[in-house]
Amino acid sequence: MTPECVRLHPAALTGTIPAVDAKSYAHRLLMAAALADVPTRIRCRTRSADILATVRVMRALGAEIEDLGEAFLVRPIGLCLAEKGLRPEDLDEVTLDCGESGTTERFILPIVAALGRKAAVTGAGRLAERPLSPLSDVLRAAGVSLSEEGVFPLHVAGRIGVGDYAIAGNVSSQFVGGLLYALSLQSCELVEAGESVGCDAVSTLELTGTVESAPYIRMTEEVLRAFGAEVEVSRDERKYVVRGADASGLLVSPGRAAVEGDWSNAAFWLVAGAVGAVGAGREGLAGITVTGLRPDSAQGDRAVAEILARMGAEVAGDAVTVRPPKNGRLHGLTVDAAQIPDLVPVLSVAAACAEGVTTFVNAGRLRIKESDRLATTAAMLRSLGVEVTEGETTLTVAGRAGRPLTGGTVSGANDHRIVMAAAVAATVASGPVVIEGARAARKSYPDFFRDYAALGGRVEVF
Ligand SMILES: O=C(O)C1=C[C@@H](OP(=O)(O)O)[C@@H](O)[C@H](O)C1
Ligand SMILES: C=C(OP(=O)(O)O)C(=O)O
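Chains are numbered independently. Their residues run from 1 in the order of the written sequence. Lettering for chains starts from A, numbering for ligands starts from 1, and both go in the order in which the items are written. In view of the model being predicted, local features appear only for residues whose pLDDT reaches at least 70, and side-chain atom pairs are presented and counted only at 80 or more, with totals across whole chains, interfaces and linings using the full set of residues. Just so you know, side-chain values use all the structure's heavy atoms and leave hydrogens and water out.

In the nomenclature of an unreviewed UniProt entry, the chain corresponds to 3-phosphoshikimate 1-carboxyvinyltransferase from the organism Sutterella parvirubra YIT 11816. UniProt positions are given in the numbering used here, feature names are shortened, and annotations may be inferred rather than shown by experiment. UniProt lists a comment for the chain under the heading Subunit (unreviewed entry), and it reads "Monomer." The UniProt entry for the chain carries this comment under Subcellular location (unreviewed entry): "Cytoplasm".

Next up, the structure:
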């Protein structure tokens, strides 16, 4: 259980910890499995609120998902409806509660439209406020009706078909991911002389403007291909050609799949390893090792290792170990956040411990996450004595060059990444740090404070 409020006492974290399962992959694998032909066993041990939101939504659409503890066994929607003699087009409107998960919502809208189902999409926290346009524009132009955006429930009806689509690449990669799923589900069988000779449901999707969060689109492509989809991408990653499924309109299950380790959440430990000695003495030099991360992962957030190395931290090994620099001093730098938005809150803590200034640029989309993360990251650091300047799309952090952060009270801003970044900051503070709303960590890392304590963190729950 994630605690509601915590008081953290300064202590360097050291030791070895396994990575939690990557929620971005878990979402994609669970959805693909629910849209496939036969059951899939997905190895996944993390039960975060977001992963459970996707499980809930796929169940509501008709999939049977058994929680085996270490894995999910997914019996797909098509199979389960057919067993009950139900046709998707005859079903009533279904309520899909996405919780606070943007990925779930932005993927499920085009998927529902590809299935031709009627749905009332709901959610919690800031989800209703997070943008849906330009995805909603594409869906409407394709003939899908959507009720007013910004209020739940969002009613969806109608069908998106084969076509040539274009969408801006700089609002959310999740729109692109959802559309790639929808186009992969189009069905059309080419028959010659009474024999099936393939599929003619070929669609294109073009990305316009700058493309941000591109690694997440690559993860989507990877999972779709593992489920038999034909997705081709141009060399500049701006144009996708997607061949739909055969007459069945189903993806092809590989039978088994496994969710890899989460670099975005490992980043909290890796930064804690990098800042270890700054405020807490030599024991921090031992660093932190995170196991279960793929060094060749498509997750863009694996860049955290390279960025910490550029700041001067010692980074080594396949089980990734990060230690503070030998002289105990990290140094500031410029970080382009366009492809790695989720790293900014925690990297800002490394920046606060460094010598010199760190500027995060191209970070505008942080404003449309679980909180306005440029504002809430700045507020979190300011509560701990750090000087921060917030620009429209930038964040500039004045490093304290070895002077510890102060203790203080931080609002978790109902944002898991702010809560976890504040907890890392607390390891190098001069006094206790209270985090209000620490429970938000459960969105991606329900056992965060258990693992924090296991690494030597001093956690008081109240
Ligand atoms: O598709 C995904 O799994 C995600 C995409 C990113 O969002 P944007 O593409 O909206 O930047 C990221 O910030 C989010 O945490 C997860
Ligand atoms: C923004 C995040 O997720 P989502 O967009 O899926 O809500 C996140 O995990 O930081």
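Visitor: I'd love a proper account of the overall build of the chain, names of residues and values included.
Guide: Counting from the N terminus, the helices are the DSSP runs of H or I reaching at least four residues and the strands are the DSSP runs of E reaching at least two. For the chain, the count of helices and strands is 13 helices and 26 strands. Computation of the radius of gyration draws on C-alpha atoms alone. For the globule rule, the value is 2.2 Å times the number of residues to the power 0.38. Since a compact globule built from 462 residues should have a radius of gyration of about 23 Å, the 23 Å found for the chain is in line with a globular shape. Expressed along its principal axes, the backbone C-alpha trace of the chain runs to roughly 75 × 45 × 40 Å. The contact criterion used is simple: two residues touch if any of their non-hydrogen atoms lie within 4.5 Å. Long-range pairs, those at least 24 residues apart, make up 76% of the contacts in the chain with a sequence separation of at least 6. For the chain, the accessible area works out to roughly 16,500 Å², and carbon and sulfur atoms hold 50% of it. In the chain, the 46 positive side-chain charges and the 55 negative ones have mean positions that sit 5 Å from each other. Using a 1.4 Å probe, accessible areas were evaluated by the Shrake-Rupley method; residue-level cover was limited to the displayed protein chains. Two residue types count as positive, namely Lys and Arg, and two as negative, namely Asp and Glu; His and chain ends fall outside the count. All charge positions are set by atom: Lys at NZ, Arg at CZ, Asp at CG, Glu at CD.

Visitor: Would you mind going over the sheet that holds strand β24 (residues 408-411) in detail, with residue names and values included?
Guide: An order of β24-β25-β1-β26 is seen for the 4 strands of this open sheet, with the pairing classed as mixed. Looking along the sheet, the strands with just one partner apiece sit at the ends: β24 and β26 (458-461). The sheet shows a mean angle of 25 degrees between the axes of neighbouring strands, taken without regard to direction. In the sheet, strand β1 (residues 6-9) pairs with β26 via 4 bridges, with the strands oriented antiparallel. Bridging across to β26, V6 finds its partner in V461. As a rule, the C-alpha atoms of each element are fitted with a line to give its axis, helices using only the stretch in contact, and angles between N-to-C directions run from 0 to 180 degrees. Its contacts with the sheet place helix α12 (residues 416-426) against β1, β24 and β25 (433-436), and it is angled at close to 175 degrees to β25. Strand pairing is assigned whenever DSSP identifies at least 2 bridges connecting the two strands.

Visitor: Any details on the packing of helix α1 (residues 23-34) against helix α7 (residues 214-226)? Residues and values, ideally.
Guide: The contact between α1 and α7 brings their axes to 10 Å, and the two run at 35 degrees. Handedness of the crossing formed by α1 with α7: right-handed. Mapping the contact onto sequence places S24, Y25, R28, L29 and A32 in α1 and Y216, M219, T220, E222 and V223 in α7. Throughout this entry, Asp, Glu, Lys and Arg are counted as charged residues, while Ala, Val, Leu, Ile, Met, Phe, Trp, Tyr, Cys and Pro are counted as nonpolar. The remaining residues, Gly among them, count as polar. Class assignment of the residues belonging to the contact of α1 with α7 gives a composition of 6 nonpolar, 2 polar and 2 charged. The hand of a helix crossing depends on one turn: near helix anticlockwise from the far one by less than a right angle means left-handed, and clockwise means right-handed.

Visitor: Describe the site of ligand 2, with residues and values.
Guide: The cutoff for a nearby residue is simple: one of its non-hydrogen atoms must lie within 4 Å of the molecule or strand. Ligand 2 sits among 14 residues. The nearest are K23, T103, R130, R417 and K443. Contacts to ligand 2 include G102, whose backbone N or O atom sits 2.8 Å from an oxygen atom. Any pair of nitrogen or oxygen atoms within 3.5 Å is treated as a polar contact; in protein, a donor-acceptor pairing is required on top of that, and neighbouring residues in sequence qualify only through side-chain atoms on both sides. Within the side chain of T103, an N or O atom sits 2.5 Å from an oxygen atom of ligand 2. For ligand 2, whose unbound accessible area comes to 300 Å², protein coverage reaches 97%. For the shell around ligand 2, the elements supplying multiple residues, two or more each, are α4 (102-115) and α12. For the shell around ligand 2, the class distribution of residues is no nonpolar, 5 polar and 9 charged.

Visitor: Can you tell me about the nonpolar core, naming the residues and giving the values?
Guide: Ranked by internal contacts, the top residues of the largest apolar core, which has 78 residues, are W269, L308 and F448. Top contributing element to this core by residue count: helix α8 (residues 263-280), with 10 residues. Excluding anything up to four places from it in sequence, L308 contacts L270, V271, A274, A313, V315, V322, L347 and A350. The set of buried Ala, Val, Leu, Ile, Met, Phe, Trp, Tyr and Cys residues whose side-chain atoms join them within 4.5 Å is what this entry labels a nonpolar core. Think of it in three bands: with a 1.4 Å probe and only protein chains considered, a residue is buried below 20% of the maximum accessible area for its type, exposed above 50%, and partly exposed in between. One finds A33, A113, A114 and Y181 within the second-largest nonpolar core, a separate group that totals 74 residues.

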